[in-house]
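# Secondary and tertiary structure notes
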Amino acid sequence: MEQINYEEIKTLENGSKLVGDLEFPKRKVWVKTYGCQMNYHDTERILSHLEPLNFSLTSRQEEADLLLFNTCAIRDLANQKFYSHLGNTKHQKKQKEVKVAAGGCIAQTESKELLKKYPQLDFAFGTDVVDNIGEMVYRAYAGDKKFAVTSWDRADNYSIQTKITHGSPQAFVNIIKGCDKFCSYCIVPFTRGREKSRSVAEIVNDVARLVQYQGIQEVTLLGQNVNSFGKKNGESLAQLIMELEKITGLEIIRYTTSHPYDISDELIEVHGKSKKLANHLHLPVQSGSNTVLQRMLRQYSIEHYLERLDALRKANPHIVLSTDIIAGFPNETQQEHEATLELLDKAQYDFIYSYNYSARKGTKASRMRDILTKEIRGRRLREIQAHQLKIQEKVRASMVGKTYRVLVEGKGTMKGEVKWKGRTNCFRIVHFRPETLDQDYLWHWVDLKITSATALSCQGEIIRDYGKRVTPIQ
Ligand code: 5AD
Ligand code: SF4
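Being a predicted model, the structure only gives us computed values, none of them experimental.

Before going further, it helps to spend a moment on the overall build of the protein. When you go through the protein residue by residue, the secondary structure sums to 12 helices and 22 strands. Its C-alpha atoms give the protein a radius of gyration of 23 Å, within 12% of the compact-globule value 23 Å for 474 residues. Here the C-alpha coordinates of the protein stretch approximately 65 × 60 × 50 Å along the principal axes. Within the span of the protein, comprising 474 residues, buried residues form 56% of the whole. In the protein, of all internal contacts separated by at least 6 residues, the share reaching a separation of at least 24 is 70%. As displayed, the protein has an accessible area near 22,100 Å², and 50% of this comes from carbon and sulfur atoms. Positive and negative side-chain charges in the protein, numbering 69 and 58 respectively, have mean positions lying 4 Å apart.

Here is the structure:
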């Protein structure tokens, strides 16, 4: 089968679907996703293609007919978790007829090795072919075994439609894929390939459709380096945001992830003038030391980075900033490490994601001589995290007494008490107690007055409930 024609799929009297000449009875699919938002978004796309083939999602691995792994290669820890989980599927395969497939970043570069090493694996597929999962599943059920698909014979442009399989008003929208930066430690350019952007016109149509027909009110524009969006065809992220701004019913626009080198003056200006762009920016710095940044091939200096933060804060005084840090880059000196602690003092981030450096095969950094021990790396990471927590405590304390508009995302029980959880426009999670227990706030907009805030948790009380729309739609 070359390409499934989804419109031609028939439902038979016994509830099966007829796809080409193959019957697909009702089956269950279980998916394990590792890694970044891009991977979670890819999983959603995968599921949207499997539904027409009669698959429904299950969270119970033991009852599934098809097991899918969407893998991440960014650090060794993610690899190890996947290998051990995949290893365990051997037993399940012995007990019942189950197909096992691995996709994502590890599968993109290591599909052949994976198929050889894990006999239980039926097929492997790369990051570029998630939209062809239907064809691959068809092939597997038609009897094909141990195949790998990492590219699909298709035109080179990047044109997709966003698929939604959930009922929430928040959507992730891919705008660019791949990365041309080749930071010396990073595997992404090898697993996701070169940068390819969608067009502004296509994305605007896509988002307008999501807002109008699927109730989407918040979009996160996704890419490995969204600041390079449109460069190859004379468009820009700033331009895209100002176009999306015009869509009635769309309330919040976010984007991630950014590279500091490409944050243009034009984009900073948009942070000042856009009414819908969120008051939050995640701007990965990786290290506070210029010499480490050079070895990382990051293309900017700390002075330039801090100047960009200043400009962002001038453009939008409400903006909240966060970052990524890698502790223990090869041969990082104590002095270079301390420069990162100093940077945290200067930048005053709301939160950070921090990781120990992990050598990735094929990258430049993996070939660097490295005398740091695991212990030194671990200690430096803990120091960075402890230092940030103290800063975070102060940054968050300044929220107390202020009122924030929050989109409620769910509820949970904390210390025996029911609490709802929402996210501010500036990306902070706030918990609040319902006025009455049977009140359902899910996906409501509410105003919350912050009553207490520590480095890791924030509590508020409800001031106003707007219901599911904060601005009425004509
Ligand atoms: N080791 C540790 N952290 C890494 N990251 C990317 N590659 C590596 C690596 N080899 C981190 C960076 C990036 C985040 C997504 O993952 O901080 O911003
Ligand atoms: Fe990796 Fe980001 Fe650097 Fe691209 S910009 S190579 S994705 S760290």
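Here we come to the packing of aromatic side chains. Counted according to the given criterion, the structure contains 18 aromatic pairs. Judged by centre distance (6.2 Å) and plane angle (70°), the rings of Y34 and F82 are edge-to-face. Of this pair, Y34 sits in the loop between β4 (27–33) and α1 (37–50) while F82 is found in helix α2 (residues 76–95), placing the two residues 48 residues apart along the sequence. Exposure remark for Y34: the relative accessible area of 6% places this residue in the buried category. Here the aromatic residues W30, Y34, F69, F82, Y83 and Y118 are joined through ring pairs into a cluster of three or more. A cation over an aromatic ring shows up here: R27 above the ring of Y141, its NZ or CZ 3.8 Å from the ring centre. The ring of Y141 has K99 lying over it, and the distance from NZ or CZ to the ring centre is 5.2 Å.

This part is about the domain arrangement of the protein. The domain boundaries assigned to the protein delineate domain 1 (6–149), domain 2 (170–397) and domain 3 (403–467). Between domain 1 and domain 2, the C-alpha centre-to-centre distance is 30 Å. Contacts between the two partners involve 15 residues from domain 1, matched on the other side by 18 residues from domain 2. Contact with domain 2 buries surface across domain 1, with Q37, M38 and R75 losing the most and accounting together for 39% of the total. Inspection of the domain 1/domain 2 interface yields three salt bridges. Its salt-bridge partner being D42, residue R192 comes within 2.9 Å of it at the nearest N-O pair. At the surface where domain 1 touches domain 2, the tally comes to nine residue pairs in polar contact (both at pLDDT 80 or more). Residue assignment for the side of domain 1 that touches domain 2 shows that the elements contributing at least two residues are α1, α2 and α3 (105–117). The element contributing the most residues to the side of domain 1 that touches domain 2 is α1, with five residues. Looking at the side of domain 1 that touches domain 2, its residues break down into four nonpolar, seven polar and four charged.

Basis of the calculations
- Residues numbered from 1 in each chain as written.
- Chains lettered and ligands numbered in written order.
- Predicted model: local features only at pLDDT ≥ 70, side-chain atom pairs only at ≥ 80, totals over all residues.
- Heavy atoms only, no water.
- Helix = DSSP H or I, 4+ residues; strand = E, 2+ residues; numbered from the N terminus.
- Rg over C-alpha atoms; globule rule 2.2 N^0.38 Å.
- Buried < 20%, exposed > 50% of the residue type's maximum accessible area, 1.4 Å probe, protein only.
- Contact = heavy atoms within 4.5 Å.
- Areas by Shrake-Rupley, 256 points an atom, 1.4 Å probe, with all protein chains shown as cover.
- Lys, Arg positive; Asp, Glu negative; His and termini not counted.
- Charge placed at Lys NZ, Arg CZ, Asp CG, Glu CD.
- Phe/Tyr/Trp six-rings, centres within 6.5 Å; stacked < 30°, edge-to-face > 60°.
- Lys NZ or Arg CZ within 6 Å of the ring centre and 35° of its normal.
- Domains from an automatic or database assignment.
- Buried area = accessible area lost by both parts, 1.4 Å probe.
- Salt bridge = Lys/Arg side-chain N within 4 Å of Asp/Glu carboxyl O.
- Polar contact = N/O pair within 3.5 Å; in protein donor to acceptor, adjacent residues only side chain to side chain.
- Nonpolar A, V, L, I, M, F, W, Y, C, P; charged D, E, K, R; others polar.

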